[in-house]
Amino acid sequence: MSEEEKLIVVPGEEIPAKEVEVKGGQGVYKKDDKYFAATPGLVVLSEEKAVFMPLESIYIPKPGDVVIGMVISTGTTYWILDIKAPYTAFLSYQELLSKRFNPGTALLSLYLKEGDYVIGKISSFDRSRNPTITLRGSDKFGKIIDGTVVEVKPISVPRIIGRKGSMLNLLVQASNCDMVVGMNGRVYVKCENRDMENVVALALKKIEAETHTSGLTDRIRSFLEDHIRGVKK
């Protein structure tokens with residue numbers, strides 16, 4: 001075996017290593033002291049161990065995660081949000097409304113309706129109950145009024161943020177846009193104009209498509225320089 005070898009595996013395929021490190025969530029199971037892929041993934045083999053990086057992933061909520069949810073239903077005192085997870089999330093009216101609210105005389109849909117996006121944080125989740133969302137803790141939390149929400153695979157989120165925030169800083173500084181990355185695979189982008197938002201959206205989709213490749217930061221820097229130059233002409 002060479003010093004480092006890369007291969008693509010499909011579900012059920014054995015990973016030829018005695019030890020496997022999984023990055024980006026789950027995706028590997030063990031049977032009879034052998035490791036097998038549960039999802040399509042990229043395996044980097046070395047003499048010490050194998051590193052498995054899923055090519056697909058499902059977002060599993062964790063308390064403290066910043067997420068971007070979309071309203072899909074309204075109750076009498078809460079909203080139900082789609083957070084791109086196997087579970088929907090609950091948002092209480094008390095998180096959004098500072099004034100007293102009477103569900104007998106007012107409708108929550110006047111404040112948030114189906115299709116609206118909200119930036120918040122997972123406040124509780126233990127798999128026995130659906131997660132709850134809080135809008136407290138940041139001035140960025142709340143209803144999204146303008147800007148663009150870009151959908152990406154949750155597995156791409158760590159690469160969009162980058163090591164110590166490097167990729168996200170590159171995107172923000174190059175575009176001068178406001179951005180919030182939801183751990184559930186939604187990214188909020190607010191720029192001076194829609195053309196710039198489109199450039200950032202294209203850069204995010206490029207990161208998503210090339211998540212497991214090397215040299216990505218330099219390619220994104222060049223991509224932004226070329227496209228932003230065109231927007232500013």
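Each remark here, short or long, concerns the structure printed above.
Residues numbered from 1 in each chain as written. Predicted model: local features only at pLDDT ≥ 70, side-chain atom pairs only at ≥ 80, totals over all residues. Heavy atoms only, no water.

**Looking at the sheet that holds strand β7 (residues 50-54)**
- Spatial strand order, β1-β6-β7-β3: four strands in an open sheet with mixed pairing. Each end of this open sheet is capped by a strand with a single partner; those strands are β1 (4-9) and β3 (20-22). Strand-to-strand twist across the sheet, computed as the mean angle between neighbouring axes with direction ignored, equals 25°.
- Relative to β7, strand β6 (residues 41-46) is paired through five bridges, and the arrangement is antiparallel. By the bridge assignment, Leu42 is partnered in β7 with Met53. (Pairing = 2+ DSSP bridges. Helix = DSSP H or I, 4+ residues; strand = E, 2+ residues; numbered from the N terminus. Axes fitted to C-alpha atoms, helices over the stretch in contact; angles between N-to-C directions.)

**Looking at the nonpolar core**
- One finds Leu171, Met179, Val187, Val189, Leu204, Ile220 and Leu224 to be the most contacted residues of the largest nonpolar core, which totals 26 residues.
- Secondary-structure elements contributing two or more residues to this core are α2 (157-161), α3 (166-175), β15 (178-182), β16 (186-190), α4 (194-209) and α5 (216-232).
- With seven residues, α4 is the single largest residue contributor to this core.
- Aside from chain neighbours lying at most four places away, what touches Val189 is Gly147, Thr148, Val150, Cys177, Asp178, Met179, Glu197, Val200 and Leu204. (Core = buried A, V, L, I, M, F, W, Y, C linked by side-chain atoms within 4.5 Å. Buried < 20%, exposed > 50% of the residue type's maximum accessible area, 1.4 Å probe, protein only. Contact = heavy atoms within 4.5 Å.)

**What to know about the packing of aromatic side chains**
- Taken as a whole and assessed by the stated rule, the structure comprises three aromatic pairs.
- With a centroid separation of 5.5 Å and 20° between ring planes, the pair formed by Tyr29 and Phe36 is classed as stacked.
- Overall, Tyr29 belongs to the partly exposed group, its relative accessible area being 37%.
- A residue is classified by how much of its surface remains accessible, and Phe36, at 16% relative accessible area, is buried.
- An angle of 70° between the planes, with centres 5.4 Å apart, marks the rings of Tyr78 and Phe90 as edge-to-face. One end of the pair, Tyr78, is in strand β9 (residues 78-82); the other, Phe90, is in strand β10 (residues 89-92), and twelve residues separate them in sequence.
- Among the residues examined, Tyr78 registers a relative accessible area of 31% and is labelled partly exposed.
- Under the relative-accessibility criterion, Phe90 is labelled partly exposed at 30%. (Phe/Tyr/Trp six-rings, centres within 6.5 Å; stacked < 30°, edge-to-face > 60°.)

**Digging into the state of the cysteines**
- For the coordinates displayed, the defined rule picks out one disulfide.
- Disulfide partner of Cys177: Cys191, at an S-S distance of 2.0 Å. Between Cys177 and Cys191, the S-S dihedral sits near 110°, and the bridge is therefore right-handed. Here Cys177 is found in the loop between α3 and β15, whereas its partner Cys191 is found in the loop between β16 and α4, with 14 residues between them in sequence. Neither residue differs from the other here; Cys177 and Cys191 are each classed as buried. (Disulfide = S-S within 2.5 Å.)

**As for the layout of surface pockets**
- Roughly 610 Å³ of volume is contained in the largest pocket.
- Per-class residue counts for the lining of the largest pocket are seven nonpolar, eight polar and four charged. (1 Å grid on protein atoms, 1.4 Å probe; cavity = no way out; pocket = protein on both sides within 12 Å on 5 of 7 lines; lining within 4 Å. Points joined across faces, edges and corners; volume = space filled by probe spheres on them. Nonpolar A, V, L, I, M, F, W, Y, C, P; charged D, E, K, R; others polar.)

**Description of the pairing of β6**
- Here β6 lies mainly inside the structure; five of its six residues are buried.
- Bridging between β1 and β6 involves six bridges; their strand directions are antiparallel. Residue pairing across strands places Ile8 opposite Leu42, the latter belonging to β6.
- In sequence, β6 turns back onto β7 through a hairpin of three residues.

**Thoughts on the pairing of strand β11 (residues 117-124)**
- Pairing of strand β8 (residues 66-74) with β11 involves five bridges; the strand directions are antiparallel. Note on β11: the bridge partner recorded for Ile68 is Ile119.
- The pairing of β11 with strand β13 (residues 142-143) spans two bridges and is classified as antiparallel. Bridged to Ile119 within β13 is Gly142.
- Relative to strand β12 (residues 132-134), β11 runs antiparallel, the two being bridged by three bridges.

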